[in-house]
Amino acid sequence: MNLWNLPNSEKDALEFFQEKGLLPTHRDCKNGHKKKLYIGKNEIFWKCNVKTCQHKTNMRMGNWFENSRLPFLTILRFIYCWGAELTSVNFCERHLEMNHCTVVDWNNYMREVCTITISRNQQTRIGGTGKIVEIDESMFSKRKNNAGRILPQQWIFGGICRETKESFLIQVPNRTKETLSTAIKQYIKVGTTIYSDCWRGYDTDELTRAGYTHGTVNHTNNFVDPVTGIHTQNIERLWGSAKWRNKKHRGTRRHHLDSYLAEFIWRQNIGGQGEPFEYILNYIFFLSYIIIHLRLLQL
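Owing to the predicted nature of the structure, the values given are computational and were not obtained by experimental measurement.

Participant: Hey, could you run me through the overall build of the protein chain in this one?
Facilitator: A count of helices and strands for the protein chain gives 9 helices and 8 strands. For the protein chain, with 299 residues in total, the buried portion stands at 43%. Here the contacts in the protein chain between residues at least 6 apart in sequence split such that 56% fall between residues at least 24 apart. Taken as a whole, the protein chain presents about 17,000 Å² of accessible surface, with 50% of it coming from carbon and sulfur.

Participant: Explanation requested: the pattern of salt bridges in the structure shown.
Facilitator: Where charged atoms from two side chains of opposite charge come close, those side chains can pair. In this structure the tally under the stated criterion is 10 salt bridges. The closest approach of N and O atoms between Arg162 and Glu134, which form a salt bridge, is 2.6 Å. Linking Arg162 in the loop between β5 (155-161) and β6 (167-172) with Glu134 in strand β4 (residues 132-139), this pair joins segments that are 28 residues apart in sequence. By relative accessible area, Arg162 is classed as partly exposed at 22%. Of the residues examined, Glu134 reaches a relative accessible area of 0% and is grouped as buried. By sharing partners, the salt bridges in this structure join Arg111, Glu263 and Arg267 into a single network.

Participant: What's the story with the pairing of strand β1 (residues 35-39) in this structure? I'm lost.
Facilitator: Two faces make up the sheet, and in a regular strand the side chains alternate between them. Across 5 bridges, β1 lies against strand β2 (residues 44-48) in antiparallel orientation. By the bridge assignment, Lys36 is partnered in β2 with Lys47.

Participant: Would you explain the packing of helix α1 (residues 10-19) against helix α2 (residues 72-83) in this entry?
Facilitator: Pairs of packed helices are described in terms of their axes, by the angle between the two and the distance that separates them. Contact pair α1 / α2: the axes reach a minimum separation of 8 Å and the direction vectors enclose 60°. Taken together, the axes of α1 and α2 are oblique relative to one another. With respect to the hand of their crossing, α1 and α2 are arranged in left-handed fashion. Every residue of α2 that contacts α1 at Glu10, Ala13, Leu14, Phe16 and Phe17 is listed here: Phe72, Leu73, Ile75, Leu76 and Ile79.

Participant: Explanation requested: the side chain of Asp197 in the structure shown.
Facilitator: By the secondary structure assignment, Asp197 is in the loop between β7 (193-196) and α6 (204-209). Despite its burial, Asp197 remains without a salt bridge, the nearest opposite charge being carried by Arg175 at 6.3 Å. In this structure the side chain of Asp197 is engaged in a polar contact, spanning 3.1 Å, whose partner is the backbone nitrogen of Trp199. Setting aside residues no more than four positions away along its own chain, Asp197 makes contact with Asp136, Glu137, Tyr202, Thr216, Val217, His219 and Thr232.

Participant: Quick question: what am I supposed to make of helix α8 (residues 257-270) here?
Facilitator: Every α-helix carries 3.6 residues per turn, so stepping three or four residues along brings you back to the same face. Compared with an ideal rise of 1.5 Å per residue, which puts 14 residues at 20 Å, α8 spans 20 Å between its outermost C-alpha atoms and is within 8% of the ideal. If you check which residues of α8 are buried, you get Leu257, Ser259, Tyr260, Leu261, Ala262, Glu263, Phe264, Ile265, Trp266, Arg267 and Ile270.

Participant: How should unusual backbone geometry be read in this particular structure?
Facilitator: Phi is mostly negative for residues that are not glycine, and the peptide bonds are mostly trans. The phi dihedral of Glu85 falls on the positive side, at around 60°, and the residue is not glycine. Mapped onto the elements, Glu85 comes out in the loop between α2 and α3 (89-96). On the basis of relative accessibility, which here comes to 38%, the residue Glu85 falls in the partly exposed class. Non-glycine residue Glu97 carries a positive phi angle of around 55°. If you trace the backbone, Glu97 turns up in the loop between α3 and α4 (100-121).

Participant: Just to check I follow, could you spell out the packing of α2 against α3 for this structure?
Facilitator: At a minimum axis distance of 12 Å, the contact between α2 and α3 shows a crossing angle of 145°. As for how α2 packs across α3, the hand of that crossing is right-handed. Residues Thr74, Arg77, Phe78 and Cys81 of α2 form the contact with α3, whose own contacting residues are Phe91, Cys92 and Leu96. Classifying every residue of the contact of α2 with α3 gives 5 nonpolar, 1 polar and 1 charged.

Participant: Help me out: how do you make sense of the state of the cysteines in this one?
Facilitator: By definition, a disulfide is the covalent link that joins the sulfur atoms of two cysteine residues. Inspection of every chain in the model, using the stated rule, returns 0 disulfides. Considering cysteine sulfurs only, Cys53 is the nearest to Cys29, which forms no disulfide, with 3.6 Å between them. Residue Cys29 is classed as buried on the basis of its relative accessible area of 6%.

Participant: Which parts of the structure should I look at to understand the sheet that holds β1?
Facilitator: The strands making up a sheet associate through backbone hydrogen bonding, with each pair oriented either parallel or antiparallel. Ordered by their spatial adjacency, 3 strands build an open sheet running β1-β2-β3, and the pairing between neighbours is antiparallel. The sheet is open, and its two borders are formed by β1 and β3 (56-58), each paired with just one other strand. This sheet shows a mean twist of 25° between the axes of neighbouring strands, independent of strand direction. Seen against the sheet, α1 touches β1 and β2 and runs at an angle of roughly 140° to β1.

Criteria and thresholds
Residues numbered from 1 in each chain as written. Predicted model: local features only at pLDDT ≥ 70, side-chain atom pairs only at ≥ 80, totals over all residues. Heavy atoms only, no water. Helix = DSSP H or I, 4+ residues; strand = E, 2+ residues; numbered from the N terminus. Buried < 20%, exposed > 50% of the residue type's maximum accessible area, 1.4 Å probe, protein only. Contact = heavy atoms within 4.5 Å. Areas by Shrake-Rupley, 256 points an atom, 1.4 Å probe, with all protein chains shown as cover. Salt bridge = Lys/Arg side-chain N within 4 Å of Asp/Glu carboxyl O. Pairing = 2+ DSSP bridges. Axes fitted to C-alpha atoms, helices over the stretch in contact; angles between N-to-C directions. Parallel < 35°, antiparallel > 145°, perpendicular 65-115°, else oblique. Left-handed = near helix turned anticlockwise from the far one by under 90°. Lys, Arg positive; Asp, Glu negative; His and termini not counted. Polar contact = N/O pair within 3.5 Å; in protein donor to acceptor, adjacent residues only side chain to side chain. Expected span 1.5 Å × (residues − 1). Nonpolar A, V, L, I, M, F, W, Y, C, P; charged D, E, K, R; others polar. Disulfide = S-S within 2.5 Å.

Following this line, the structure appears as structure tokens:
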């Protein structure tokens, strides 16, 4: 689907979300009567037509759109533009008629979807027997903020599998052996061949005892080891892409860093597998499914 094929009316956008399973196609009232859908100028709702009942429910109740007020058509266009990385404040104010705060909120909503998705997927570690995972750590935040106040360093640890291109980036408090060893065991499968630089935080003996094969390249002398051919250029490129994206957003507030990293990894992991628009709709469907079932459990 491209931008020109998107629905161009509120009713069409509503039906699009219904077809994708993000909005219900029917509702029953609390008395078991079938409700009818009404599309008003300012509200879309379900209403029971039985005179003794007349129960009314907003279309957004009990799904991913529950706390939103934007028209469904605007939401649909925003999601599409978010997939294409076109949701800057200036763009959305001009083309989607959204105000500054609403744009910020909706970008946060989309990153929340990415964060939940990445957290769920990270239950399965990357790599495995016969696979190579390149790892590295990098300082991601400035030591000073705009007010000139000194801030603690923020280190990010990451890895990328050469064969599958799956990757992860996580905040770590430091680069000590204990911290990095714990992260490796949490995010990389036992049996994986791990390539890194010669930072002392990577303990080859400990990694070997834990079931990994560890190879290193000394970046002081070479980017690629002339004897073994070991290099970490894939993870270096990953850092370059992540930091370029951070600069494009003019930096990232520290309390938002996890969600920005989640969005970056989400986009990185879907790669060329398909359109981000279709993928994010599928993940929103999954969240809508969870919301509906949690609501049923509370009844």
